[in-house]
Amino acid sequence: MRESDPRESEGRLPTVDRRGFVRSLLGFSIISTIMGVLTPIIGYLWPPARSARGGGGRVLVGTLTDIPPGQAEVLPINDKPVIVVNTQDNQVRAFSAICTHLGCVCEWEDRRQFILCPCHDGRFNALTGAVISGPPPSPLPSVEVVVEDGDIYAGGA
Amino acid sequence: MQQKDVFYRTWPLRFWNWLDKRYALQEFLHALVDVPIPRSANTLYLGGITLFLFGIQAITGILLSIYYQPTPENAYGSILFIMNDVRFGWLIRSIHAWGANLMIIFCILHLLRVFVQGAYKPPRELTWMAGVLLLMLTLGFGFTGYLLPWDQRAFWATTVGSEIAGAIPLVGQAALNFLRGGPEITALTLSRFFGTHVLVLPVGLALLVAIHLVMVHQQGLADPTEPTGSPDDLLQEGAEGSRVGGSDDH
Ligand code: HEM
Ligand code: FES
């Protein structure tokens, strides 16, 4: 505000001196800093929506032509590796691909038709997920899988 | 006095004045904070940064403990949940992990500064000793916190770390059993590490920091420009008071 501003002499504008101006800037920066800290904290405390995973969250993983009989594929479903198997007699199964021994990701052993953990040669049955041989202490947990019109859906409840 | 100062019309300031009138807070703060420090001291902020980081660790740690579950079945899953599902969970956890490392680094830098400037010399022996304990507690935070994610790295780091204790002559096996809550690393180990990490160490560290700071405040900071002399000099007769430095100017 210049001294000569006529409205100022009429007292219609508040006088803001340099110090006051700097202080309100300071106030704004303090308040925005506080907001910047509080926003993530409040967001964090707010109960997270779990709906993003599970609960009807089944995923289209491909068609029966993508995974023909005798083949399998490891796919990320809800952030976790899942192996979808189509056995030689057309049975579609899905299992968590996380090895129950030390957590390596399993793969498909095409020639001998079982699920293989490459880390310590753990072997799992392609139909049941049961341990055939090797160090894994328990079977691979199975994952829900359905085939509709040749489309394979996995995951979900 | 302040004519039409906008700042003095703001409510935080008015509230502060209201409180100050009743409890003389200004005076109290003045006594705590307006302490003369040596003019040439350029490294005295290191302890303050360590304290600031402890504040960050306490806040982020309390937030983590809201979603973290200290059981072998759920620990790792709850970490994944924090990282993937909780809003800003990745941020809070990462700040906690970075802050942990920085806190140890700044604690050590602070110690080095005190050492290099000879500020540990009499009459500040106890402040130094409290500081050494503080460093050990800080390292204890790191050791116990590292197990909590309960993944392979955590498990084997704790295995190795507690085996080091096991190598102590005579009492080694007892020390190892005490750390692990038994001869193996089990659910018992996880819960005692968790309890130590979120209750024992924070309370211990807070109390010790208070003691450390009261001692610093009572003596004033050592003046690094004042020759404090080597231990040999201290044995010589003369003005020992001035050799000690710092505390006589206020
Ligand atoms: C003050 C110094 C502290 C240090 C140096 C420290 C250090 C650590 C470390 C190294 C981890 C493992 C981080 C990771 O790998 O993610 C951790 C995890 C954890 N801390 Fe702390 N911490 C401190 C204070 C606290 C406090 C005060 C609390 C709570 C009251 C707390 C609660 C937790 C929890 C719940 C975890 C598990 C979550 C996770 O692993 O990400 N911490 N801490
Ligand atoms: S991790 Fe799979 S066999 Fe060891």
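Here is what the cut-offs are and how they apply
- Numbering of residues starts from 1 in each chain and follows the order in which that chain's sequence is written.
- Working convention: letters from A go to chains and numbers from 1 go to ligands, in the order in which they are written.
- The predicted origin of the model limits local features to residues at a pLDDT of at least 70 and limits the giving and counting of side-chain atom pairs to 80 or more, whereas totals for whole chains, interfaces and linings rest on all residues.
- Note that the side-chain values use all heavy atoms of the structure and ignore hydrogens as well as water.
- A donor here means an N, O or S atom no more than 2.8 Å from the metal, or no more than 3.2 Å when the metal is Na, K or Ca. Since water is not included, a site may seem to lack partners.
- Geometry is assigned from the angles between donors: four donors with all angles from 85 to 135 degrees make a tetrahedral site, four or six donors whose opposite pairs exceed 155 degrees while the rest stay between 65 and 115 make square planar or octahedral sites respectively, and everything else is labelled irregular.
- Secondary structure elements are taken from DSSP: a helix is a run of H or I of four residues or more, a strand is a run of E of two residues or more, and numbering for both begins at the N terminus.
- Each residue is assigned to one of three classes by its accessible area relative to the maximum for its type, calculated with a 1.4 Å probe on protein chains only: buried under 20%, partly exposed between the two thresholds, exposed over 50%.
- Note on definitions: a residue-residue contact is assigned when non-hydrogen atoms from the two residues lie within 4.5 Å.
- The term buried area denotes the loss of accessible surface (1.4 Å probe radius) that occurs when two parts are joined, taken as the sum for both partners.
- In what follows, salt bridge is the name for a side-chain nitrogen of Lys or Arg lying within 4 Å of a carboxyl oxygen of Asp or Glu.
- Polar contact criterion, stated in full: a pair of N or O atoms within 3.5 Å, where within protein one must be able to donate a hydrogen and the other to accept it, and residues adjacent in sequence count only if both atoms are side-chain atoms.
- Cavities and pockets are defined on a 1 Å grid built over the protein atoms alone: a cavity is a set of grid points where a 1.4 Å probe fits but cannot escape, while a pocket is an open set with protein on both sides within 12 Å along at least five of seven lines, and lining residues are those with an atom within 4 Å of any such point.
- Grid points are joined across faces, edges and corners, and a volume is the space filled by probe spheres set on the points.
- Under the convention adopted here, Pro, Cys and the residues Ala, Val, Leu, Ile, Met, Phe, Trp and Tyr are nonpolar, Asp, Glu, Lys and Arg are charged, and Gly plus all remaining residues are polar.
- Residues are counted as near a molecule or strand when any one of their heavy atoms sits within 4 Å of it.
- Axis definition: a line fitted to C-alpha atoms, over the contacting stretch in the case of helices. Angles run 0 to 180 degrees between N-to-C directions.
- Roughly parallel here means an angle under 35 degrees, roughly antiparallel means over 145, roughly perpendicular means 65 to 115, and every remaining angle is called oblique.
- Two helices crossing with the near one rotated counterclockwise from the far one by less than a right angle form a left-handed crossing, whereas a clockwise rotation gives a right-handed crossing.
- Two aromatic rings from Phe, Tyr or Trp, using only the six-membered ring of Trp, form a pair when their centres are within 6.5 Å; if the ring planes differ by under 30 degrees the pair is stacked, by over 60 it is edge-to-face, and anything between is tilted.
- Two strands are said to pair when DSSP picks up at least two bridges between them.

A. Just the coordination of the iron atom of ligand 1, in detail. All names here are of chain B. Distances from the iron atom of ligand 1 to its protein donors, H96 (NE2) and H197 (NE2), fall within 2.0 to 2.1 Å. Geometry at the iron atom of ligand 1 is octahedral, judged from its six donor atoms and the angles of 86 to 179° they form at the metal. Placement of H96 in helix 6 (residues 89-116) and of H197 in helix 10 (residues 187-219) is noted, with a sequence separation of 101 residues between them. One exposure class covers both H96 and H197, and it is buried.

B. Region of interest: the interface of chain B and chain A. Taken residue by residue, the interface counts 20 residues in chain B and 16 residues in chain A. With both chains or domains summed, chain B and chain A bury close to 1,800 Å², and 62% of this area falls on carbon and sulfur atoms. Counting every contact that joins chain B to chain A gives zero salt bridges. There are two residue pairs in polar contact (both at pLDDT 80 or more) connecting chain B and chain A. Secondary structure elements with two or more residues in the side of chain B that touches chain A: helix 1 (6-9), helix 4 (46-67), helix 5 (75-84) and helix 6 of chain B. It is helix 4 of chain B that contributes the most residues to the side of chain B that touches chain A, five residues altogether.

C. Region of the structure containing the layout of surface pockets. The space that makes up the largest pocket amounts to roughly 1,200 Å³. In terms of lining, the largest pocket is formed by 34 residues, of which the most central are K80 and I98 of chain A together with Y76, G77 and L80 of chain B. Residue assignment for the lining of the largest pocket shows that the elements contributing at least two residues are strand 3 (80-86) of chain A together with helix 5 and helix 8 (152-166) of chain B. Among the elements that make up the lining of the largest pocket, the one with the highest residue count is helix 5 of chain B (five residues). Its residues placed into classes, the lining of the largest pocket shows 15 nonpolar, eleven polar and eight charged.

D. Examining the site of ligand 1 more closely. Residue and element names in this part refer to chain B. The immediate surroundings of ligand 1 are formed by 20 residues, with F54, R93, H96, G145 and H197 found nearest. With respect to ligand 1, the side chain of H197 contributes an N or O atom lying 2.7 Å from a nitrogen atom. Secondary-structure elements contributing two or more residues to the shell around ligand 1 are helix 4, helix 6, helix 7 (125-147) and helix 10. The element that contributes the greatest number of residues to the shell around ligand 1 is helix 4, accounting for seven residues. Along the lines of polarity and charge, the residues of the shell around ligand 1 split into 13 nonpolar, six polar and one charged.

E. Looking closely at the packing of helix 2 (residues 18-45) of chain A against helix 4 of chain B. Put simply, helix 2 of chain A and helix 4 of chain B touch, their axes get as near as 11 Å, and they point 20° apart. With respect to their mutual orientation, helix 2 of chain A and helix 4 of chain B come out roughly parallel. Between helix 2 of chain A and helix 4 of chain B lies a crossing of left-handed hand. The segment helix 2 of chain A lies against helix 4 of chain B, with I41, Y44 and L45 of chain A engaging I59, L63, L64, I66 and Y67 of chain B. Partitioning the contact of helix 2 of chain A with helix 4 of chain B into residue classes produces eight nonpolar, no polar and no charged.

F. Looking closely at the pattern of salt bridges. Residues and elements named next belong to chain A. One pass over the structure, following the stated rule, counts four salt bridges over all chains. Note that R58 and E148 form a salt bridge whose closest N and O atoms lie 3.3 Å from each other. Placement of R58 in the loop between helix 2 and strand 1 (59-63) and of E148 in strand 9 (residues 145-148) is noted, with a sequence separation of 90 residues between them.

G. Region of the structure containing the packing of aromatic side chains. Across all of its chains, the model carries ten aromatic pairs over all chains by this definition. Between Y44 of chain A and Y67 of chain B, the ring centres sit 5.0 Å apart and the planes meet at 75°, which makes this aromatic pair edge-to-face. Taken as a pair, Y44 of chain A in helix 2 and Y67 of chain B in helix 4 lie in two separate chains rather than in one. The two residues Y44 of chain A and Y67 of chain B agree in class, both being buried. Summarising the aromatic geometry, the rings of F54 of chain B and F141 of chain B are spaced 6.4 Å apart at their centres and angled 55° between planes, so their arrangement reads as tilted. Placement of the pair is F54 of chain B in helix 4 and F141 of chain B in helix 7, with a sequence separation of 87 residues.

H. Region of the structure containing the sheet that holds strand 4 (residues 92-96) of chain A. Residue and element names in this part refer to chain A. Strand order in the open sheet made by the three strands is 2-3-4, with antiparallel pairing throughout. In this open sheet, the two strands that pair with only one neighbour each are strand 2 (71-77) and strand 4. Averaged over all pairs of adjacent strands, the angle between their axes in this sheet comes to 25°, without regard to strand direction. Here strand 2 runs beside strand 3; their pairing, made up of seven bridges, is antiparallel. Residue pairing in the sheet places Q71 in a bridge with N86 of strand 3.

I. Quick peek at unusual backbone geometry. For the peptide bond that leads from P122 of chain B to P123 of chain B, omega is 10°, which places it in the cis range. Within the secondary structure, P123 of chain B is located in the loop between helix 6 and helix 7. A positive phi angle, close to 60°, is found at D121 of chain A, a residue other than glycine. Here D121 of chain A lies in the loop between strand 6 (114-117) and strand 7 (122-124). Exposure remark for D121 of chain A: the relative accessible area of 36% places this residue in the partly exposed category. The backbone phi angle of D149 of chain A is positive, close to 50°, even though this residue is not glycine. Residue class for D149 of chain A comes out exposed when judged on its relative accessible area of 79%.

J. Local environment of the sheet that holds strand 9 of chain A. All names here are of chain A. With antiparallel pairing, the three strands of this open sheet are ordered in space as 1-10-9. Two strands bound the open sheet, and with one partner strand each, they are strand 1 and strand 9. Averaged over neighbouring strand pairs, the angle between their axes works out to 30° when direction is ignored. As paired strands, strand 1 and strand 10 (residues 151-154) are joined by four bridges and run antiparallel to one another. Along strand 10, the bridge assignment pairs T63 with D151.

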